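# Close look at the chain arrangement
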Amino acid sequence: MSDAGYSPEELRNRKLASDCFKRGTEAMAKQNWDYAVEMLFTAAKLHPDNLMYRQTLSGCLRKKYKDNKTGAGMSFLWLSGIRSKIKKARGAKKWAELDVAAMEGIKVNPWDGQFNADAGEATRERGYLEIAVYYFEQAVGPDGAPENTVFLQSLADVYERRGNYNAAIATLDKVQKLDPLNGEIRSKISALGADMTIVRGYDEAKSTRDVKSEAPKQGYEESVKGNVKTRDEVLAPGESVEADLQRMIRKEPANVAYYLKLADYYRREGKLEDSAKTFEQAL
C-alpha cells in the first residue's frame with residue numbers, strides 16, 4: 001500500500017501496527033495465545049482497514065479457545081459492559097468506537113453472530129466494505145446465526161455495494177426462504193437481477209472492444225511455462241491480482257501474508273475450493 005495521502009500520525013500507526021502484527025504471529029507460532037491476541041487486536045485498531053489483521057485475530061482467538069464455539073469462560077463478567085459500549089457508540093454514530101467495542105466482544109467470543117454483525121456494521125459505515133463482508137459472513141456462518149434475516153440482509157447490502165450481485169441475490173434468496181411473505185425481498189432480488197444484467201452487458205461490450213483492439217494476454221504462469229510467443233502477450237504486473245500474488249508467493253514462499261491475500265481474493269471471486277486450499281497453506 002502506498003504511503004501517499006496518509007498523515008504522519010497515520011503512517012506511524014501503520015508502522016506500529018505492522019510491528020504488533022509481526023509479534024502477534026510470532027507469539028501464535030509459540031502458542032502464546034494471550035499475548036498474540038493483544039498484539040493482533042492492537043494491530044487491527046491501529047490499522048483498521050487491514051483485513052488480514054482482523055482475519056488473523058479471529059483465527060488466533062479460535063485457536064486460543066480450542067474451537068469450543070463458545071469463547072471465554074465466565075464471559076458474563078465482560079459482556080454487559082461491552083454491549084453497553086456498543087449501544088452507546090451506535091446511538092451516537094461513532095463508528096470507530098463501535099468498531100473497537102465490537103472487536104472487544106469478538107475477543108470474548110469470536111463465534112458470536114451479534115458481535116460480528118456489530119463489527120460488520122461499524123466497518124461498513126467506515127467505508128471498509130471488504131472487511132464488512134468478512135464480518136457479516138462470520139455473523140451468518142454455521143457457528144454464528146445463519147438464519148438471522150437482519151444479518152443476511154446486511155450481508156447482501158455490502159455484497160451489492162461491492163458489485164457482487166450474484167452473492168447478493170443468493171443471500172437474499174436465503175432470506176426469502178426464511179421469510180417467504182416478505183414482498184420487499186422479492187422486489188429487491190428482481191432489481192438486483194436487472195442491475196446485474198446491465199453491468200454484465202456493459203462488461204461484455206467493453207470486453208468485445210478490448211479484444212478487437214489488442215491481442216489477448218496471458219498470465220505469469222503461461223510465461224514461466226514458455227507458452228507465450230512475444231513479451232507483449234505476457235500479463236504485466238498490476239493487471240491481475242491473482243497473478244501478482246502468485247508471483248510474490250514464488251518469490252517469498254515463507255511470507256504468510258501473500259497466501260492470506262490470495263485466499264481472500266479467491267473467496268471474493270467465488271473460488272471457494274481454491275480459497276480453502278490457500279488458507280490451509282497459510283496455516
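Quick note: structure is the one above.
Here's what I pulled together on the structure shown here. (Residues numbered from 1 in each chain as written. Predicted model: local features only at pLDDT ≥ 70, side-chain atom pairs only at ≥ 80, totals over all residues. Heavy atoms only, no water.)

### Observations regarding the nonpolar core
The following threshold applies: By nonpolar core is meant a set of buried Ala, Val, Leu, Ile, Met, Phe, Trp, Tyr and Cys residues that side-chain atoms within 4.5 Å join together. Residue burial is assigned from relative accessible area. The probe radius is 1.4 Å, only protein chains are included, and a residue is buried under 20% of its type maximum, exposed over 50%, and partly exposed in between. Each helix corresponds to a stretch of at least 4 residues labelled H or I by DSSP, and each strand to a stretch of at least 2 residues labelled E; elements are numbered beginning at the N terminus. Any two residues whose heavy atoms approach within 4.5 Å are treated as being in contact.
The biggest cluster of nonpolar side chains holds 50 residues, and the ones touching the most others in it are Tyr53 and Tyr135. Counting residues per element, this core draws most heavily on helix H2 (residues 33-46), at nine residues. The contact partners of Tyr53, leaving out residues within four places of it in the chain, are Ala17, Ser18, Phe21, Ala43, Ala44 and His47. Grouped together as the second largest cluster of nonpolar side chains are 22 residues, Ala139, Leu155, Leu172 and Ile185 included.

### A closer look at the pattern of salt bridges
For the record, the criterion: Counted as salt bridges are all cases of a side-chain nitrogen of Lys or Arg within 4 Å of a carboxyl oxygen of Asp or Glu.
Here the structure, examined in full by the defined rule, presents 15 salt bridges. The partner of Lys107 in a salt bridge is Glu38, with the nearest N and O atoms 3.0 Å apart. Taken together, the positions of Lys107 in helix H5 (residues 95-108) and Glu38 in helix H2 put the pair 69 residues apart, joining distant regions of the chain.

### Topic: the environment of Lys69
Operational definition: Nitrogen and oxygen atoms within 3.5 Å of one another constitute a polar contact, given that in protein one can donate a hydrogen and the other can accept it, and given that sequence-neighbouring residues count only through two side-chain atoms.
Mapped onto the elements of the fold, Lys69 is located in the loop between helix H3 (51-64) and helix H4 (76-91). Not counting residues within four places of it along the chain, the set of residues in contact with Lys69 comprises Asn109, Trp111 and Asp143. Side-chain polar atoms of Lys69 contact the side chain of Asp67, separated by 2.9 Å.

### Some points on the packing of aromatic side chains
Quick note on the threshold: Whether two aromatic rings pair depends on their centres lying within 6.5 Å, for rings of Phe, Tyr and Trp, where Trp uses its six-membered ring; planes under 30 degrees apart make the pair stacked, over 60 edge-to-face, and the rest tilted.
Applying the stated criterion across every chain, the model contains three aromatic pairs. Relative to Tyr135, the ring of Tyr134 has its centre 5.4 Å away and its plane inclined at 55°; by these criteria the two rings are tilted. Here Tyr134 matches Tyr135 in class, with each residue buried. Arranged with centres 6.0 Å apart and planes meeting at 50°, the rings of Tyr265 and Tyr266 form a pair that is tilted.

### Here's the deal with helix H9 (residues 165-178)
Because each turn of an α-helix spans 3.6 residues, side chains separated by three or four positions in sequence point in the same direction. To be explicit about the condition: The length a helix should cover is 1.5 Å for every residue beyond the first.
Its 14 residues place the ends of H9 20 Å apart at the C-alpha level, agreeing with the 20 Å of an ideal helix rising 1.5 Å per residue. Within H9, the full set of buried residues consists of Tyr165, Ala167, Ala168, Ile169, Thr171, Leu172 and Val175.

### Concerning unusual backbone geometry
The backbone of Lys66 sits at a positive phi, close to 55°, despite the residue not being glycine. With respect to the helices and strands, Lys66 occurs in the loop between H3 and H4. The exposure class of Lys66 is exposed, given its relative accessible area of 73%. Although it is not a glycine, Lys93 sits at a positive phi angle of roughly 55°. Here Lys93 shows up in the loop between H4 and H5.

### Points about the side chain of Glu137
Structurally, the position occupied by Glu137 is in helix H7 (residues 129-139). Among the polar contacts listed, one links the side chain of Glu137 to the side chain of Tyr159, at a separation of 2.5 Å. Beyond its immediate stretch of four places on either side in the chain, Glu137 contacts Leu155, Tyr159 and Arg267.

From the geometry alone we can't say anything about function, so treat these as descriptive.
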